[in-house]
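So you can see what is in the structure, the chains are spelled out below.
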Amino acid sequence: MAQLVNKIFLKNLANLITLIRVIMVFIVLALLVQNEIFWRKMAFLFLILTFLLDGLDGFLARKLKLLNNVGSLIDTLGDRIVENVMLFFFAYNKLIPLLVPLVFISRSFLADFIRFLAFNQGLGDFLINKSKFGFYIVASKFSRAVYLILKFYVFLLGAFIMVDPHRKIFWDLPSSVVLFYSAIILTIVNLLRFTGLLFDAKSLLKETFLQK
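This is a predicted model, so every value here is computed, not measured.

Caption draft 1: Seen up close, the overall build of the protein. For the protein, the helix and strand inventory stands at nine helices and two strands. Its helices and strands in sequence order give the protein the pattern α-α-α-α-α-α-α-α-β-β-α, from N to C terminus. Within the protein, the fraction of its 212 residues that count as buried is 42%. Surface accessibility of the protein: about 12600 Å² in total, with carbon and sulfur atoms responsible for 72%.

Shown next as structure tokens:
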């Protein structure tokens, strides 16, 4: 019985980490709206821990040889929840333009619909990106790393402003100004990655909507 429990635990360890990462984001938001500076600082630390957990699920899945299409979908779902919740939270607090989370959530629905079509044809996460353009802009480790770092930079900067809204950074620029332009850059990168997905999915979409 103990061996069965351990086997089930190990098989779902990566998915469990994804779930923990999602829960931690809601803890971060709950702490950021507290009046006491101590709790807002704790939120910043929790957000850093969330960043460290992002990627750990995939690493463990590869290490334990548990890679599968369902796990990839769960990881993507976790990413979607984290990024959309965080961006809407910052937009609600007027730290970034509302357009940013609106673009993200619209892109999420469209991208995940395409990935769902690919999943039905046995193509797991990123396997649809077969062209050089699609691979380098969407699926390559470099592209994913840059996007992940940029995304969490925006999250961390937003949390930093809520902890200390008056501090200036980067050549004495107000943090709010840096966050504004960083969020715009993140949105542009997000749309560029979506362009790469669309480029590689054109045959799949044509087959889906033009089939007899």
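Caption draft 2: Representation of the confidence of the model for the protein in the model. The pLDDT averaged across the protein works out to 82; a share of 79% of its residues lies at or above 70. Element-level pLDDT for the protein is lowest in helix α1 (residues 2-11), with a mean of 51, against a maximum mean of 90 in helix α8 (residues 141-163).

Caption draft 3: Here's a closer look at a nonpolar patch on the surface. A cluster of nonpolar side chains, namely Leu-173, Val-177, Phe-180, Tyr-181, Ile-184, Ile-188 and Leu-192, defines an oily patch on the protein surface of about 590 Å² accessible area. Sorting elements by how many residues they give to the nonpolar patch places helix α9 (residues 175-209) first, with six residues. Mapped onto the elements, Val-177 comes out in helix α9. Of the residues examined, Val-177 reaches a relative accessible area of 32% and is grouped as partly exposed.

Caption draft 4: A look at the nonpolar core. Counting 32 residues, the largest nonpolar core has Met-86, Phe-90, Ile-96 and Phe-155 as its most contacted members. Mapped by element, the contributors of at least two residues to this core are α2 (13-32), α3 (37-53), α5 (69-92), α6 (99-120), α8 and α9. Looking at which element gives the most residues to this core, the answer is α8, with ten residues. Apart from the residues within four sequence positions on either side, Phe-90 is in contact with Leu-95, Ile-96, Val-154, Phe-155, Gly-158, Ala-159 and Met-162. Ranked by size, the runner-up nonpolar core spans ten residues in total, among them Leu-117, Ala-118, Ile-128 and Leu-204.

Caption draft 5: Examining the packing of aromatic side chains more closely. This structure, assessed with the given rule, holds seven aromatic pairs. On the basis of an interplanar angle of 75° and a centroid distance of 5.0 Å, the ring pair of Phe-38 and Trp-39 is categorised as edge-to-face. In this structure Phe-38 comes out as partly exposed when scored by relative accessible area, which is 48%. Ring geometry for Phe-135 versus Tyr-136: centroids 5.4 Å apart, planes at 75°, classification edge-to-face. Looking at Tyr-136, the relative accessible area reads 55%, which means it is exposed. Cluster of aromatic residues (ring-pair linked, three or more members): Phe-51, Phe-152 and Phe-155. Above the ring of Tyr-147, the side-chain terminus of Arg-193 is found at 4.6 Å from the ring centroid. When the ring centre of Phe-199 is taken as reference, the NZ or CZ atom of Lys-202 above it lies at 3.8 Å.

Caption draft 6: Summary view of the environment of Leu-156. With respect to the helices and strands, the residue Leu-156 is situated in helix α8. When the C-alpha positions of Leu-156 and Leu-47 are compared, they lie 7.0 Å apart, and in sequence the two are 109 residues distant. Those residues within four positions of Leu-156 in sequence are excluded, and the remaining contacts are Phe-44, Leu-47 and Ile-48.

Caption draft 7: Highlighting the packing of α6 against α9. Between α6 and α9, the least distance of the axes is 9 Å, while the angle of their chain directions is 30°. Taken together, the axes of α6 and α9 are roughly parallel relative to one another. Crossing handedness for the pair α6 and α9: left-handed.

Caption draft 8: View of α2. Between its first and last C-alpha atoms α2 spans 29 Å; for 20 residues at 1.5 Å apiece the expected length is 28 Å, and the two agree. Considered for burial, the residues of α2 that qualify are Leu-13, Ala-14, Ile-17, Thr-18, Arg-21, Val-22, Met-24, Val-25, Val-28, Leu-29, Leu-31 and Leu-32.

Caption draft 9: Representation of α3. Helix length check: α3 (17 residues) gives 25 Å between terminal C-alpha atoms against 24 Å at 1.5 Å per residue, within 8%. Of all the positions in α3, only Arg-40, Ala-43, Leu-47, Thr-50 and Leu-53 are classed as buried. Looking down the long axis of α3, one finds its buried residues gathered within 115° of arc, a one-sided arrangement. Among the exposed residues of α3, those oriented more than 90 degrees off its buried face are Leu-45 and Leu-52.

Rules behind the numbers
- Residues numbered from 1 in each chain as written.
- Predicted model: local features only at pLDDT ≥ 70, side-chain atom pairs only at ≥ 80, totals over all residues.
- Heavy atoms only, no water.
- Helix = DSSP H or I, 4+ residues; strand = E, 2+ residues; numbered from the N terminus.
- Buried < 20%, exposed > 50% of the residue type's maximum accessible area, 1.4 Å probe, protein only.
- Areas by Shrake-Rupley, 256 points an atom, 1.4 Å probe, with all protein chains shown as cover.
- pLDDT = per-residue confidence, 0-100.
- Patch = residues over 30% accessible without salt bridge, like charges linked within 9 Å, V, L, I, M, F, W, Y side chains within 5 Å.
- Salt bridge = Lys/Arg side-chain N within 4 Å of Asp/Glu carboxyl O.
- Core = buried A, V, L, I, M, F, W, Y, C linked by side-chain atoms within 4.5 Å.
- Contact = heavy atoms within 4.5 Å.
- Phe/Tyr/Trp six-rings, centres within 6.5 Å; stacked < 30°, edge-to-face > 60°.
- Lys NZ or Arg CZ within 6 Å of the ring centre and 35° of its normal.
- Axes fitted to C-alpha atoms, helices over the stretch in contact; angles between N-to-C directions.
- Parallel < 35°, antiparallel > 145°, perpendicular 65-115°, else oblique.
- Left-handed = near helix turned anticlockwise from the far one by under 90°.
- Expected span 1.5 Å × (residues − 1).
- Arc of directions from axis to C-beta.

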